[in-house]
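Tertiary structure, described
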Amino acid sequence: EDIFGAQRFSKIKTLSEMIPLMDEWERTKIGFDGDQSFNMHIGLLIEEYNDRYPQEAAFGIQDIDQGVAKVNSMLSSAEAVVRNKTKLSLNVNLIKKWFDTVIDDILIDLRKELQDPRCRNIKYLYLVGGFCANKYLVDRITKWVASNMNSRDLKIVESRSPDLAIVKGAVLSQLTNRAYIANH
């Protein structure tokens, strides 16, 4: 949104070319492991935008470059967004910053939940939801539990199908009426 502008970005989200972009994000969300060689590339969608909205002033590379400059002014040089001919390249440092922001919030919520008296005797922490298929998230949670919950015998359980685990858990909790469910 910062690169394209809010109004233009809301329209970009309706373009058919946005579907591959969202697929790329889903692959990134699952595949990111914090490795320094990880990068993400995003298509610019300029042609389709101009075809779809011909009544607007033409949207071009100069607009993208202005947006990239604006975003980069808020980032360190190690996080900079780079535009090559038809794509934006997001480097590992920027992606890691995004992931860390979300994961830090998850860990704050996890701490609150585990401090709840109802959770005193919990022995297993089940990781469920599509994001729990991400190795970087699982590693961060595992390290956090090891360093913050060492007085408890808390085991982390990774689901084979974390996205389906939510649906299955919802059904089971209603059938047995025994589960304590906390969500983020």
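Before reading further, recall that the structure is shown in the block above.
Let us look at the structure shown here. The residue numbering used here restarts from 1 in each chain and proceeds along that chain's sequence as written. The model is predicted, so local features are restricted to residues of pLDDT at least 70 and side-chain atom pairs to those at 80 or more, both for listing and for counting; the totals for chains, interfaces and linings are taken over all residues. Note that water and hydrogens are dropped before the side-chain values are worked out from all heavy atoms of the structure.

1. Quick look at the packing of helix H5 (residues 92-115) against helix H6 (residues 135-148)
When two helices pack together, their arrangement is captured by the angle between the axes and the distance separating the axes. The following threshold applies: To get an axis, a line is fitted to the C-alpha atoms, and for a helix only the part in contact is used. The angle between two axes follows their N-to-C directions and goes from 0 to 180 degrees. The helix and strand labels rest on DSSP assignments: H or I over at least four residues marks a helix, E over at least two residues marks a strand, and numbering proceeds from the N terminus. Roughly parallel here means an angle under 35 degrees, roughly antiparallel means over 145, roughly perpendicular means 65 to 115, and every remaining angle is called oblique. Each crossing gets its hand from how the near helix is turned against the far one by less than a right angle, where anticlockwise is left-handed and clockwise is right-handed. We call two residues in contact whenever any of their non-hydrogen atoms come within 4.5 Å of each other.
Viewed as axis vectors pointing N to C, H5 and H6 meet at an angle of 40 degrees, and their least axial separation amounts to 10 Å. Judged on the interaxial angle alone, H6 and H5 are oblique. The way H5 lies across H6 gives a crossing that is right-handed. Across the interface between the two elements, Lys96, Phe99, Asp100, Ile103, Asp104, Ile106, Leu107, Leu110, Arg111 and Leu114 of H5 pack against Tyr136, Leu137, Arg140, Ile141, Trp144 and Asn148 of H6.

2. Some points on the environment of Leu127
Here is the rule: Relative accessibility decides the category of a residue: with a 1.4 Å probe and only protein chains considered, values under 20% of the type maximum give buried, values over 50% give exposed, and everything between is partly exposed.
Relative to the elements of secondary structure, Leu127 occurs in strand S4 (residues 124-127). Taking relative accessible area as the criterion, Leu127 reaches 6% and is therefore assigned buried. Each C-alpha atom of the pair Leu127 and Glu158 lies 5.3 Å from the other, and the pair is 31 residues apart in sequence. In this structure, Leu127 is in contact with Cys132, Val138, Ile141, Ile156, Val157, Glu158, Ser159 and Pro162, ignoring residues within four places of it in sequence.

3. Topic: the sheet that holds strand S1 (residues 39-43)
Formally: When DSSP finds two or more bridges between a pair of strands, those strands are recorded as paired.
One open sheet accounts for three strands, arranged S1-S3-S2; its pairing is antiparallel. Edge positions in the sheet fall to S1 and strand S2 (82-83), since each of these pairs with one other strand and no more. Bridge count for S2 against strand S3 (residues 87-91) is two bridges, and the pairing is antiparallel. Pairing of Arg83 across the sheet is with Leu88, part of S3. Contacts between H5 and the sheet are confined to S1 and S3, with S3 contributing the most and set at about 70 degrees to the helix.

4. Topic: the layout of surface pockets
Inclusion rule: Cavity means a closed set of points on a 1 Å grid over the protein atoms alone, one where a 1.4 Å probe fits but cannot get out, pocket means an open set with protein on both sides within 12 Å along at least 5 of 7 lines, and lining means a residue has an atom within 4 Å of a point. Grid points are joined across faces, edges and corners, and a volume is the space filled by probe spheres set on the points. Ten residue types, Ala, Val, Leu, Ile, Met, Phe, Trp, Tyr, Cys and Pro, are classed as nonpolar, four, Asp, Glu, Lys and Arg, as charged, and the remainder, Gly among them, as polar.
Computed from the structure, the second largest pocket encloses a volume of approximately 530 Å³. Lining the second largest pocket are 19 residues; nearest its centre among them are Glu1, Phe9, Ile42, Leu90 and Trp98. Sorting the residues of the lining of the second largest pocket by element identifies helix H1 (6-12), helix H2 (18-31), S1, S3 and H5 as the ones contributing at least two each. Here the residues of the lining of the second largest pocket are counted per class, giving 17 nonpolar, no polar and two charged.

5. Structural notes on the packing of aromatic side chains
Rule in force here: For Phe, Tyr and Trp, where Trp contributes only its six-membered ring, two rings pair if their centres lie within 6.5 Å, and the inter-plane angle classes them as stacked under 30 degrees, edge-to-face over 60, or tilted in between. Comment: the charge-over-ring label is applied if NZ (Lys) or CZ (Arg) is within 6 Å of the ring centre and within 35 degrees of the ring normal.
Counted by the stated rule, this structure contains seven aromatic pairs. Summarising the aromatic geometry, the rings of Phe32 and Phe99 are spaced 4.6 Å apart at their centres and angled 35 degrees between planes, so their arrangement reads as tilted. Here Phe99 lies in helix H5 and Phe32 lies in the loop between H2 and S1, a separation of 67 residues in the sequence. A single burial state applies to Phe32 and to Phe99, both of which are buried. Note on Tyr124 and Tyr126: the rings are 6.3 Å apart at their centroids and 40 degrees apart in plane angle, and the pair reads as tilted. Judged by its relative accessible area of 44%, Tyr124 is partly exposed. Here the aromatic cluster, defined as three or more aromatic residues joined through ring pairs, consists of Trp25, Phe32, Phe38, Trp98, Phe99, Phe131 and Tyr136. Sitting above the plane of the Tyr53 ring, Lys11 keeps its charged end 5.0 Å from the centroid.

In short, the description is geometric, and any link to function would need to be established separately.
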